[in-house]
Amino acid sequence: MKIYGPDAIRNVAVVGHGASGKTTLVDALAFVSGSSRRHGSIKDGTTLTDTSPDEIERKHSISLGVGIAEWMNVKVNLLDTPGYLDFFGEVICGLSVADAAVVVLSGVSGVEVGTEKCWNTCDHYHLPRILFVSGMDKEHANFQRVFNDIRERLTPKVLPVEIPVGDGPQFRGIINLLTQTCQLFKAGSKAGEYEEVPVPPEYQDAFTRYEEQLTEAVAATDDDLLEKYLSGESIPREQVVPAMKKAMLAGEIVPLFCGSGELQHGVRPLLTELVELFPSPAEVPPPLEAPLVGRVFKTVSEPHVGDVSIFRIYSGRLKNGDEVWNAEHSVAEKLNHLSVQQGRERQEVAELSPGDIGSVAKLKDTHTGDTFSRRERPVRLPPLEFPEGEATSAVMVKQRGEEDKLAAGLHKLHEEDPTFHFEYNSELGQTLIHGMGERHLEILLGRLARKYGVHAELTRPRVAYRETFRGVAEGQGKHKKQSGGRGQYGDAHVRISPLARGTGYEFVDSIVGGVIPNKFIPAVDKGIQEAAQRGPIAGYPVVDFRAECFFGSYHDVDSSEMAFRMAGILAFRTVSAKARPVLLEPIMAVEVWAPSDLLGDVLGDLSPRRGQILSTEQDGRLTKVNALVPRAELYRYSTALHSITHGRGTHRERFHGYAETPPEVAAKVASEHRRETTGDTE
Ligand SMILES: Nc1nc2c(ncn2[C@@H]2O[C@H](COP(=O)(O)OP(=O)(O)O)[C@@H](O)[C@H]2O)c(=O)[nH]1
Ligand SMILES: [Mg+2]
């Protein structure tokens, strides 16, 4: 592949809701430009950027893919991203290194949850955008409806630059307002061939109206143009395009195009507009000034190759075989076989210019998000920010003895995908994994099996119950063994009383008259604390109580710290059964955002989960619900919420505190505990 200078590069993320046609469009852009030799399809699993077994099987993108379209002597790097929210981390990786974005909408469905989410992320990165309505040939496609939808729900700054001739099966051409021409598709053509004709008379009205709108909007962004426009002069395309580009960079205009990725209609003009309207890396200030700054935004592992790191250069030039410095891991990495990615295929290049996107295999210790720099001038870009994941699950190996392999495999998955986290929870005795959604976690377990040979499954996380007391009680613990030789003697009277939730444990020494010598009192305390690790109901740690040692006795020779510790243990066991023990469960503060018209369903689902609704408040088009919900009832909640809200709802959980369980829950937990410890099956 040719070496392109920074002026001749465009880095474009292709984003939008799932199944809006992004992958098909990227395939078409690369194919029509001539850079990719094959016209692939989702149906056959042959697209340029959906290449993993998971993507081919499921027929949707899971992972960020890179394709290249060379057009007008410019190299357009296309970052195809997945649309489903479970894989939103990939969208962030793509947008974070792009200089512009094409937001793809389905001509049938218009603005969807994923569209809005991507739109907001584009706002966050201040990216100029082009909107592309794809699938115009699909049954029920309707350009006008999608346009209205965009205006209402995404931005009032949208301006059609193309209008379709016919919708759905009647879709037969595209009128371009900038070139003032109409492309009529050749019947039966498979590669988007067309003939250029004057605007058909029945479209003349629409053409004039939209063209007027476009010219006025563009003219309004520039004093010279405005003057021309007001004096009735026509503004030539050579002036409209740069003005539009400037306005797009400032976020004042978002042009709208249309076509069909599948039939490759509208793909050529789109390529031209990507080149003309989007900024090159040379026009975008780098995030840091240093001789070399690059970011690894994606790690893929390829069979027979190993890990491939895909990166974007911000400043500096890279040559094949160069050594770069990874300041995150303080490691020098050699860039052997410096390449660019065309889908799965890697093409070796001699060098890459500032702003370009490239790939390199087999780095030692470089992971997604890391920065490349020069050893003499090490720099680190700020970490990529990902939204919090919504799903937590426990994971269990299918074959015993594979636990170590599991931890190593999960660690690798985290390095590839920063939206995935795991931890071993020693209290629960389980490995917990966190991700964007349950589908994300399932895909990762599949990858774990395929790549690292660890077969594991998702299971319900155990619940970290606690126990406490509602009543006051007292009793004696006496440890006495005085048969032959030196004996053991400890005797402590202890009173237990409840404390406020969250207070923990308190020990009070109210011994008077030295009935227990001072030096043994800490041992009583220790004994109580030890015994309180296993509560009377179901063996969970006991919290929020006061233990007061108020009386006892000792023996001059036989008393010892050990004996008084035993006395403390025995006293706790005696008293705890009498002090009206209760079971506590962890409660989560849950925030749910859901479309207001589905609020009833969301609340209706929270009630059988024993949720307590604290408030509901309007938050734009959504309603935010604040609720307290027992953790035990939240397993797979994100999946349930997604299905209730058709993917529009999101939620966040935070640990809130412990609260008493209803008696029937306590009884169930207690009987499970008895079964586990005694094998009893009452
Ligand atoms: N008729 C028609 N089908 C399309 C078009 N673009 C995509 N599709 C189909 O729509 C489905 C989703 O497309 P895909 O490219 O995977 O969408 P993505 O999830 O946004 O990447 C696939 O079955 C495609 O074959 C189009 O322009 N016209
Ligand atoms: Mg896709």
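Everything below is about the structure shown above.
A quick note: this is a predicted structure, and the numbers were derived from the prediction, not measured.

Estimated volume of the largest pocket: approximately 1,100 Å³. Around the largest pocket, the lining is made up of 34 residues, and of these K117, N120, L622, R648 and T650 lie nearest the centre. Within the residue set of the lining of the largest pocket, elements represented by two or more residues are α3 (88-97), α4 (113-124), β31 (581-595) and β34 (650-660). Ranked by residue count, the leading element in the lining of the largest pocket is α4, at seven residues. Residues that form the lining of the largest pocket fall into these classes: 14 nonpolar, nine polar and 11 charged.

Attention shifts here to the site of ligand 1. Within the structure, ligand 1 sits among 16 residues, and A19, K22, T23, T24 and D137 are positioned closest to it. Note that an oxygen atom of ligand 1 is positioned 3.0 Å from one of the backbone N or O atoms of G261. Burial of ligand 1 by the protein amounts to 85% of the accessible area it has alone, namely 570 Å². When residues of the shell around ligand 1 are assigned to their parent elements, the largest contribution, three residues, is made by helix α1 (residues 22-33). Partitioning the shell around ligand 1 into residue classes produces two nonpolar, 10 polar and four charged.

If you look at the biggest cluster of nonpolar residues, it comprises 102 residues, and the most contacted ones within it are L78, L79, L131, I150, M244 and L274. Among all residues touching I150, those that are not within four sequence positions of it are L105, V111, L131, T155, V158 and L256. Among the nonpolar cores identified, the runner-up in size contains 25 residues, and I496, I516, V542 and F564 belong to it.

Moving on: the pairing of strand β24 (residues 430-435). Among the six residues in β24, five count as buried, and that is most of the element. Sheet analysis places strand β22 (residues 391-397) next to β24, joined by five bridges and oriented antiparallel. Residue pairing in the sheet places S393 in a bridge with I433 of β24. Here strand β23 (residues 421-425) pairs with β24 via five bridges, running antiparallel. For F422, the partnering residue across the bridge sits in β24 and is I433. The antiparallel hairpin formed by β23 and β24 contains four residues in its connecting segment, where G429 sits at a positive phi of about 65°.

Moving on: the pattern of salt bridges. As enumerated under the stated definition, the model contains 35 salt bridges in all. Each of E116, D149, R153 and R648 takes part in salt bridges that share partners, so that together they form one network.

A word on the coordination of the magnesium ion (ligand 2). Around the magnesium ion (ligand 2), the protein contributes the donor atoms T23 (OG1) and S61 (OG), at 2.0 Å from the metal centre. On the criterion of sequence distance, the pair formed by T23 in helix α1 and S61 in the loop between α2 (53-58) and β2 (65-71) is long-range, its members being 38 residues apart. Both residues of the pair, T23 and S61, count as buried.

Contact pair helix α10 (residues 403-416) / helix α11 (residues 438-452): the axes reach a minimum separation of 10 Å and the direction vectors enclose 115°. In terms of orientation, α10 lies roughly perpendicular with respect to α11. For α10 against α11, the interelement crossing comes out right-handed. Contacts from K405, L406, G409, L410, K412, L413 and E416 in α10 reach L444, R447, L448, K451 and Y452 in α11. When the residues that make up the contact of α10 with α11 are grouped by side-chain class, the tally is six nonpolar, one polar and five charged.

Once that is clear, we can look at the packing of aromatic side chains. The final tally for this structure, using the stated rule, is 11 aromatic pairs. On the numbers, 5.3 Å between centres and 70° between planes, the contact of Y465 with Y540 is edge-to-face. Of this pair, Y465 sits in the loop between β25 (456-459) and β26 (466-469) while Y540 sits in the loop between α12 (521-531) and β30 (545-553); the two residues are 75 residues apart in sequence, bridging distant segments of the chain. Note on Y540: relative accessible area 24%, which makes it partly exposed. Each residue in the set F469, Y505, F545 and F572 is aromatic and connected to the rest through ring pairs, giving one cluster. When the ring centre of W119 is taken as reference, the NZ or CZ atom of R129 above it lies at 4.5 Å.

Right, let's talk about the sheet that holds β24 for a bit. Reading across the sheet, the four strands line up as β23-β24-β22-β25 and stay open at both edges, with antiparallel pairing between neighbours. Pairing within the sheet leaves two strands with one partner each, and these edge strands are β23 and β25. Recorded for the sheet is a direction-independent mean angle of 35° between the axes of neighbouring strands.

Glancing now at empty space enclosed by the protein. In the structure shown here, the tally under the stated rule is four cavities of 30 Å³ or more. Size it by volume and the largest cavity reaches roughly 50 Å³. Lining the largest cavity are V32, Q183, F185, A191, G192, Y194, Q264, H265, G266, V267, R268 and P269.

Even without being a glycine, R580 presents a positive backbone phi close to 50°. Inspection of the secondary structure puts R580 in the loop between α13 (561-576) and β31. Backbone geometry at R636 places phi at a positive 60°, although glycine is not the residue there. Relative to the assigned elements, R636 resides in the loop between β33 (622-630) and α15 (637-644). What makes R636 partly exposed here is its relative accessible area of 31%.

For the pair helix α8 (residues 237-249) and helix α9 (residues 267-277), the least separation of the axes is 9 Å and the interaxial angle reads 70°. Put simply, α8 runs roughly perpendicular to α9. Only E273, E276 and L277 of α9 make contact with α8, whose side of the interface consists of R237, V241, M244, K245 and M248. Tallied by class, residues from the contact of α8 with α9 come to four nonpolar, no polar and four charged.

Rules and cut-offs
Residues numbered from 1 in each chain as written. Chains lettered and ligands numbered in written order. Predicted model: local features only at pLDDT ≥ 70, side-chain atom pairs only at ≥ 80, totals over all residues. Heavy atoms only, no water. 1 Å grid on protein atoms, 1.4 Å probe; cavity = no way out; pocket = protein on both sides within 12 Å on 5 of 7 lines; lining within 4 Å. Points joined across faces, edges and corners; volume = space filled by probe spheres on them. Helix = DSSP H or I, 4+ residues; strand = E, 2+ residues; numbered from the N terminus. Nonpolar A, V, L, I, M, F, W, Y, C, P; charged D, E, K, R; others polar. Near = heavy atom within 4 Å. Polar contact = N/O pair within 3.5 Å; in protein donor to acceptor, adjacent residues only side chain to side chain. Areas by Shrake-Rupley, 256 points an atom, 1.4 Å probe, with all protein chains shown as cover. Core = buried A, V, L, I, M, F, W, Y, C linked by side-chain atoms within 4.5 Å. Buried < 20%, exposed > 50% of the residue type's maximum accessible area, 1.4 Å probe, protein only. Contact = heavy atoms within 4.5 Å. Pairing = 2+ DSSP bridges. Salt bridge = Lys/Arg side-chain N within 4 Å of Asp/Glu carboxyl O. Donors = N, O, S within 2.8 Å, 3.2 Å for Na, K, Ca; no water. Axes fitted to C-alpha atoms, helices over the stretch in contact; angles between N-to-C directions. Parallel < 35°, antiparallel > 145°, perpendicular 65-115°, else oblique. Left-handed = near helix turned anticlockwise from the far one by under 90°. Phe/Tyr/Trp six-rings, centres within 6.5 Å; stacked < 30°, edge-to-face > 60°. Lys NZ or Arg CZ within 6 Å of the ring centre and 35° of its normal.

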